[in-house]
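Chain by chain, the residues run as shown.
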Amino acid sequence: MTSMPRLLQQPAELRRNCAAAFPPYAEPWGRLGLWLSLWDDKGECVLSEPPGTNHFWATLARHASGLRRRMRELAGRGAAGTTLPGELHACGGLLAIALPVRMRGWPPHYVLVCAKTPAFREQDNLLRFCDRNEIDSVLIGKLAEQVPAYSIETMTAYADILRQQMADLGTSVRARGDIHDLSDQLARSYEELNLIYRVSNGLGLSRRPLAHLGRLCRELLDVTVVRGFAGVLEPTGDATCEPMLVTAGSLDVDSADILKLYRQIIAGRQAPESVKVVNHVDNDPAYAWAAEWLERFVYFPLARANYRYGAILAINQVNGDDFGSEEVQLINTVVERSAAFLENVRLYDDLEQLFMGMLHALVNSIDAKDPYTCGHSQRVAWLSRYIAELAGIPEPQRQRVYLSGLLHDVGKIGITDTLLCKTGKLTDEEYQEIKHHPIIGARILEGMKQVEDLVPGVEYHHERIDGKGYSAGLSGDDIPLFGRVVGLADSLDAMTTNRTYRAALPLQLAVAEIRRFSGTQFDPRLVDLLLQDDWETLFRKLPVSNRSPDGQGIIRAAH
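Cut-offs applied
Residues numbered from 1 in each chain as written. Predicted model: local features only at pLDDT ≥ 70, side-chain atom pairs only at ≥ 80, totals over all residues. Heavy atoms only, no water. Phe/Tyr/Trp six-rings, centres within 6.5 Å; stacked < 30°, edge-to-face > 60°. Helix = DSSP H or I, 4+ residues; strand = E, 2+ residues; numbered from the N terminus. Lys NZ or Arg CZ within 6 Å of the ring centre and 35° of its normal. Salt bridge = Lys/Arg side-chain N within 4 Å of Asp/Glu carboxyl O. Buried < 20%, exposed > 50% of the residue type's maximum accessible area, 1.4 Å probe, protein only. Core = buried A, V, L, I, M, F, W, Y, C linked by side-chain atoms within 4.5 Å. Contact = heavy atoms within 4.5 Å. Pairing = 2+ DSSP bridges. Axes fitted to C-alpha atoms, helices over the stretch in contact; angles between N-to-C directions.

A. Broad picture of the packing of aromatic side chains. Evaluated as defined, the whole model comprises eleven aromatic pairs. Judged by centre distance (5.9 Å) and plane angle (40°), the ring pair of Trp35 and Trp57 falls under tilted. In this pair, Trp35 sits in strand S1 (residues 35-39) while Trp57 sits in helix H3 (residues 55-63), placing the two residues 22 residues apart along the sequence. Here a set of aromatic residues connected by ring pairs shows up, and it is made of Trp35, Phe56, Trp57, Phe120 and Phe129. The ring of Tyr307 has Arg346 lying over it, and the distance from NZ or CZ to the ring centre is 4.3 Å.

B. Seen up close, the pattern of salt bridges. The final tally for this structure, using the stated rule, is 19 salt bridges. Across the pair Arg263 and Glu242 runs a salt bridge, and its minimum N-O distance is 2.3 Å. Highlighted residues: Arg263 in helix H9 (residues 255-266) and Glu242 in the loop between strand S6 (226-233) and strand S7 (244-249), separated in sequence by 21 residues. Judged by its relative accessible area of 51%, Glu242 is exposed. Here Asp493 and Arg379 are joined by a salt bridge, their closest N and O atoms 2.5 Å apart. Linking Asp493 in helix H17 (residues 481-495) with Arg379 in helix H11 (residues 376-390), this pair joins segments that are 114 residues apart in sequence. According to the relative accessible area criterion, Arg379 is buried, its value standing at 0%. The network of salt bridges with common partners includes Asp477, Arg484, Asp523 and Arg525.

C. Highlighting the nonpolar core. Counting 27 residues, the largest nonpolar core has Leu383, Ile387, Leu488, Leu530, Trp535, Leu538 and Phe539 as its most contacted members. The set of elements that each furnish at least two residues to this core consists of H11, H17, helix H18 (507-516), helix H19 (524-531) and helix H20 (535-541). It is H17 that provides the largest number of residues to this core, a total of seven residues. The contact partners of Leu383, leaving out residues within four places of it in the chain, are Ala489, Leu492, Asp493, Leu538 and Leu542.

D. Summary view of the environment of Ala149. With respect to the helices and strands, the residue Ala149 is situated in the loop between helix H6 (137-145) and helix H7 (152-201). Residue classification places Ala149 among the partly exposed positions, given a relative accessible area of 27%. Each C-alpha atom, one on Ala149 and one on Ala119, is 8.6 Å from the other, the two residues being 30 residues apart in sequence. The contacts of Ala149, once residues within four sequence positions are left out, are Lys116, Thr117, Pro118 and Arg121.

E. How the structure looks around the sheet that holds strand S8 (residues 276-278). Spatial ordering of the open sheet is given by S7-S6-S10-S9-S8, a layout of five strands whose pairing is antiparallel. The open sheet terminates on both sides in strands that have one partner only, identified here as S7 and S8. Across the sheet, the mean angle from the axis of one strand to that of its neighbour is 15°, orientation sign disregarded. Taken together, the six bridges between S6 and S7 define a ladder with antiparallel strand orientation. Bridge pairing in S7 places Gly231 opposite Val246. Against the sheet, H9 makes contact with S6, S7, S8, strand S9 (297-304) and strand S10 (307-317), and its axis sits at roughly 120° relative to S10, the strand it touches most. Running over the sheet, helix H10 (residues 325-367) touches S6, S8, S9 and S10 and is turned about 30° from S9.

Below you can see the structure in the form of structure tokens.
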């Protein structure tokens, strides 16, 4: 005969709470020779606590064949409202009382209190009991001597005490359940807030949108039971381009099929878009083509106002369950933040394009004063960024070097057109006036916070390493890096294009001139990097200019 189970299959939450709350009530009564067990409303034992030092009840639980069946019957009486003592065995001498335990959110449970009465010590009763259960009467008799005997009157009095304790037990189980629920809620809230923090912390404008979506999908995969996530990013500007896709998780499906699903979902959908949850794909003929890999999905639009940036698709669940409202709400919270991030990136790009358009318009108006310098500022900007890349300057700074090169001659707006377009040699006075354009450019820009970091390239691009340049006469590393880079780029373009005062010289001569002025006019470290490069390829990449028809040029310091 197997022993009575201590814990049967019950909801995990109830088992956990009862297992923690029940023993402190049962153990003191066990030391008095009583045996307490907990039963549900269906007559199943949820938890039993045989006294560890009382072998009498433990032996009966293992070997008395009819004992469990009778206990189930008495527990059922408790469910019917009968709590009076009842005989545990037809032979007499053992009785039990069923006491209700009320726990919020669960059906009533019952504590069965088992006791031995003086009648059990009678020889006839003991022998009949042991004979029917095929157990050793001598052993049971010795074990029974260790257990106090209680009259029905005493047990009835104990029942009043126990009834109050069982009310406390129900309160204790409820409290433990509430504490556990609160702990679970706090844990979920922490995970949600932590996820939102991590995602929000990564929403920098320097992060590329597609890389952000990939990171978002991986973050979501770590805190959910979703089998896989797909991030879809709509192309910007060119509607003929395919959407871009990133995935995370176990998605055994081609990218083309995921994009097909995305297009099917968005077909006919109008702004403002909302989350779409499909928990039973097999019930929807529209998705029959994807039945081999798609069980359920949630579509989270990456949209703001009337603009769709793409979507996040949550595909299938690891445990096969449906998508729940809490999970959908969590994912949607971070997706909405990502949509706001994508909108900010778009607005930033629009502002940057507007800014760059205005800068190009400004420099074009300056270059237009002299047909021989048309496109000069764009080429100097391109060369400055190229040299910065050779020097290992990080990407964000390379773009600033580009802008500095683009604006390096903005000060010429303060120089008269006749002087800029003069075909003959400049007089000393005219040359001194030309030399003011770096300072004029610096004064124009230094009051603008957005471009004030570009000023060194504008103000110092005519300084020389040997200190013989202008306008400040700086030398060596005292010349800001932007000034050294733009100065080299400016001279390189000036020497390889036609000017009013001379024609462009061959490329071979340009290389020789750069090498000759290394360490005096130009930063030798930048020159070494530039001379190691393929110049013919470099000049083929340059924007269209007024270089000589054969593409050759010369190098000469510009004014």
